[in-house]
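Below, each chain spelled out in residue letters.
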Amino acid sequence: MSKINTLFFDLGDTFRIIRKDPEFSRKARTRICELIGETERDPDEFYKSVIEPRYDVYRAWALKFMCEAPEEMLWTRWLAFDYDQELLKKNASELCYEYRKSKGERVVTEGGIETARELVKRGYTLAIVSDLVGTHEVDEWLDRDGIRDLFKSVQQSSVCLIRKPHPAIYCYALKETGADPSRVCFVGDNLNRDIVGAKAAGLGMTVGVQYPNKKPQEVTDENRPDRFIHHFTELLDIFPELDKEDRLE
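Computed from a predicted model, the values in this text were never measured in an experiment. Each chain has its residues counted from 1, running along the sequence as written. Where totals are concerned, whole chains, interfaces and linings use all residues; where local detail is concerned, this predicted model gives features only for residues with pLDDT of at least 70, and gives and counts side-chain atom pairs only at 80 or more. Only hydrogens and water are set aside when side-chain values are computed; all heavy atoms of the structure are taken into account.

### Examining helix H2 (residues 43-65)
Then comes step 1: For helices the rule is a DSSP run of H or I covering at least 4 residues; for strands it is a run of E covering at least 2, with both sets numbered from the N terminus onward. One less than the residue count of a helix, multiplied by 1.5 Å, gives the span that helix is expected to have. Compared with an ideal rise of 1.5 Å per residue, which puts 23 residues at 33 Å, H2 spans 31 Å between its outermost C-alpha atoms and is within 8% of the ideal.
Then comes step 2: Accessibility here uses a 1.4 Å probe with only protein chains present; expressed as a share of the type maximum, an area under 20% marks a residue as buried, one over 50% as exposed, and anything in between as partly exposed. Among all positions in H2, only Pro43, Phe46, Tyr47, Val50, Ile51, Arg54, Tyr55, Tyr58, Trp61 and Ala62 are buried.
Then comes step 3: By the convention used here, residues are in contact when the closest approach between their heavy atoms is within 4.5 Å. Where H2 is buried, its residues touch helix H1 (22-36), helix H3 (71-79) and helix H4 (85-102).
Then comes step 4: For H2, the capping residue at the N-terminal end is Asp42, with a side-chain oxygen 3.1 Å from the backbone nitrogen of Asp44. As used in this structure description, the phrase polar contact means that two N or O atoms lie within 3.5 Å; if the pair is within protein, one of them must be able to donate a hydrogen and the other to accept it, and residues adjacent in sequence are counted only when both atoms belong to side chains.

Set out below in structure tokens:
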């Protein structure tokens, strides 16, 4: 195996986790109702009886075809098709952002930023390859936390419209970083999407993330990663400082 010099990270339940906050979520659900023009129903009840079931149908479609719908299509075709179409188109981007917030507040996992900075210091090139709805949340987060400079490529299914495990989303990151696939490690929590997709894209190594509070997944020959970690900082035990000649130029 060629020496790894590049790491691609998943975001959800890998680099970032959800911090549950009922007040934070209700505020987002209230804003969703405002943005689509729903004034009669309780935001939590509306979310649970309308938005969530419709999103489940959308998600099944997205997973089947390994794609992500554009923001406008998500709301006009799937989540709020019986509301004012022009209003939905106008507010689609903000609606996606609020939908994400309705699940809870997304924060970087403990030691995540420090670990990423140390990996860069050790000579590794980093990139993000993530499935999510909405086009501006990640950019705002990277700027807010002051970590945009850590990542040479940021690939989002909401932008390229391709979802893992389709290998193309990994290939976009390979093209932008200029990395040799055999020298890339993918780090992700979902074995059947993150790991299977990384292998299909020909990446040289995979690391599965299994945080202690998450239910273990069934491991098969197809989705088995090369290593497992239980804390993000354990990556520093796997990837030592690179010699100058091994670094990606």
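Still to come is the rest of the account.
### Examining the pairing of strand S7 (residues 205-209)
Along a regular strand, successive side chains alternate from one face of the sheet to the other.
Then comes step 1: With respect to burial, S7 is a largely interior element, five of its five residues being buried.
Then comes step 2: Two elements, strand S6 (residues 184-188) and S7, share four bridges in a ladder whose sense is parallel. By the bridge assignment for S7, Gly188 is matched with Gly208.
Then comes step 3: Crossover S6 to S7 through helix H9 (residues 191-200) is right-handed.
Then comes step 4: When DSSP locates at least two bridges between a pair of strands, those strands are taken to pair. Where S7 meets strand S8 (residues 227-229), three bridges bridge the pair, whose relative direction is parallel. Throughout, right-handed denotes a crossover for which the path from the first strand over the helix to the second runs clockwise when the strands point away from the viewer.

### A closer look at the side chain of Lys164
Then comes step 1: Topologically, Lys164 is positioned in the loop between helix H7 (157-160) and helix H8 (167-177).
Then comes step 2: Looking at Lys164, its side chain comes within polar contact range of the side chain of Asp10, at 2.9 Å.
Then comes step 3: Of the polar contacts made by the side chain of Lys164, one reaches the backbone oxygen of Val129; its length is 3.1 Å.
Then comes step 4: Those residues within four positions of Lys164 in sequence are excluded, and the remaining contacts are Asp10, Val129, Ser130, Asp131, Ile169, Tyr170, Phe186, Arg193 and Asp194.

### As for unusual backbone geometry
Most of the time, phi is negative for any residue but glycine, and the peptide bond is trans.
Then comes step 1: The omega angle of the peptide bond from Lys164 to Pro165 is 15 degrees, so this bond is cis rather than trans.
Then comes step 2: Here Pro165 lies in the loop between H7 and H8.
Then comes step 3: Phi is positive for Met66, which is not a glycine, with a value near 55 degrees.
Then comes step 4: Residue position: Met66 is located in the loop between H2 and H3.
Then comes step 5: In this model, Leu161 sits at a positive phi of 70 degrees, which is unusual for a non-glycine residue.
Then comes step 6: Residue placement: Leu161 occurs in the loop between H7 and H8.

### Here's the deal with the packing of aromatic side chains
Then comes step 1: Only centres within 6.5 Å qualify two rings of Phe, Tyr or Trp (six-membered ring in Trp) as a pair; their planes then separate them into stacked at under 30 degrees, edge-to-face at over 60, and tilted for everything else. Enumeration according to the criterion identifies 15 aromatic pairs in this entry.
Then comes step 2: Ring plane angle 20 degrees and centroid distance 6.0 Å describe the contact between Phe9 and Phe15, whose orientation is recorded as stacked. Taken as a pair, Phe9 and Phe15 share a single burial class, namely buried.
Then comes step 3: Ring centres of Trp61 and Trp78 lie 5.2 Å apart, and the angle between their planes is 40 degrees; on these two criteria the pair is classed as tilted. Of the two residues, Trp61 sits in helix H2 while Trp78 sits in helix H3, which places them 17 residues apart along the sequence.
Then comes step 4: Taking relative accessible area as the criterion, Trp78 reaches 12% and is therefore assigned buried.

### Section: the state of the cysteines
What we call a disulfide is simply a covalent bond connecting the sulfur atoms of a pair of cysteines.
Then comes step 1: Here, a disulfide means two cysteine sulfur atoms that sit within 2.5 Å of each other. Tallying each qualifying case throughout the model produces zero disulfides.
Then comes step 2: Cysteine Cys96 remains unbridged, with the sulfur of Cys67 as its closest cysteine sulfur at 14 Å.
Then comes step 3: Residue classification places Cys96 among the buried residues on the basis of a relative accessible area of 0%.

### Notes on the environment of Pro240
Then comes step 1: Inspection of the secondary structure assignment puts Pro240 in the segment after helix H10 (235-238).
Then comes step 2: Take Pro240: its relative accessible area is 51%, and that puts it in the exposed class.
Then comes step 3: Residues Pro240 and Lys64, spaced 176 residues apart in sequence, show a C-alpha to C-alpha distance of 38 Å.
Then comes step 4: If near-sequence neighbours (up to four positions away) are discounted, Pro240 is found in contact with Arg122 and Tyr124.

### Observations regarding the nonpolar core
Then comes step 1: Residue types Ala, Val, Leu, Ile, Met, Phe, Trp, Tyr and Cys, when buried and joined through side-chain atoms within 4.5 Å, form a set referred to as a nonpolar core. Core analysis: the largest hydrophobic core is formed by 30 residues, its most contacted members being Leu7, Phe9, Phe15, Trp141, Phe151, Leu235 and Phe239.
Then comes step 2: Setting aside residues up to four positions removed in sequence, Phe15 forms contacts with Asp10, Val107, Val108, Thr109, Gly112, Ile113, Ala116, Trp141, Ile147, Phe151 and Phe232.
Then comes step 3: If you look at the next biggest cluster of nonpolar residues, it comprises 26 residues, including Val50, Ala69, Ala80 and Ala92.

### Things to note about H1
Then comes step 1: The end-to-end C-alpha distance of H1, which contains 15 residues, comes to 21 Å, matching closely the 21 Å that a straight helix rising 1.5 Å per residue would cover.
Then comes step 2: Regarding H1, the residues found buried are Ser25, Ala28, Arg29, Ile32, Cys33, Leu35 and Ile36. Viewed along the axis of H1, the buried residues span an arc of 165 degrees, placing them on a single side of the element. Turned more than 90 degrees away from the buried face of H1 sit Glu23 and Lys27, all of them exposed.
Then comes step 3: Buried residues belonging to H1 abut H2, H3 and H4.
Then comes step 4: Taking the backbone nitrogen of Glu23 as reference, a side-chain oxygen 3.1 Å away marks Asp21 as the first, capping residue of H1.
Then comes step 5: A positive backbone phi angle near 85 degrees is found at Gly37, which sits one or two residues after H1. The arc in question is the one spanned by the directions pointing from the helix axis to the C-beta atoms.

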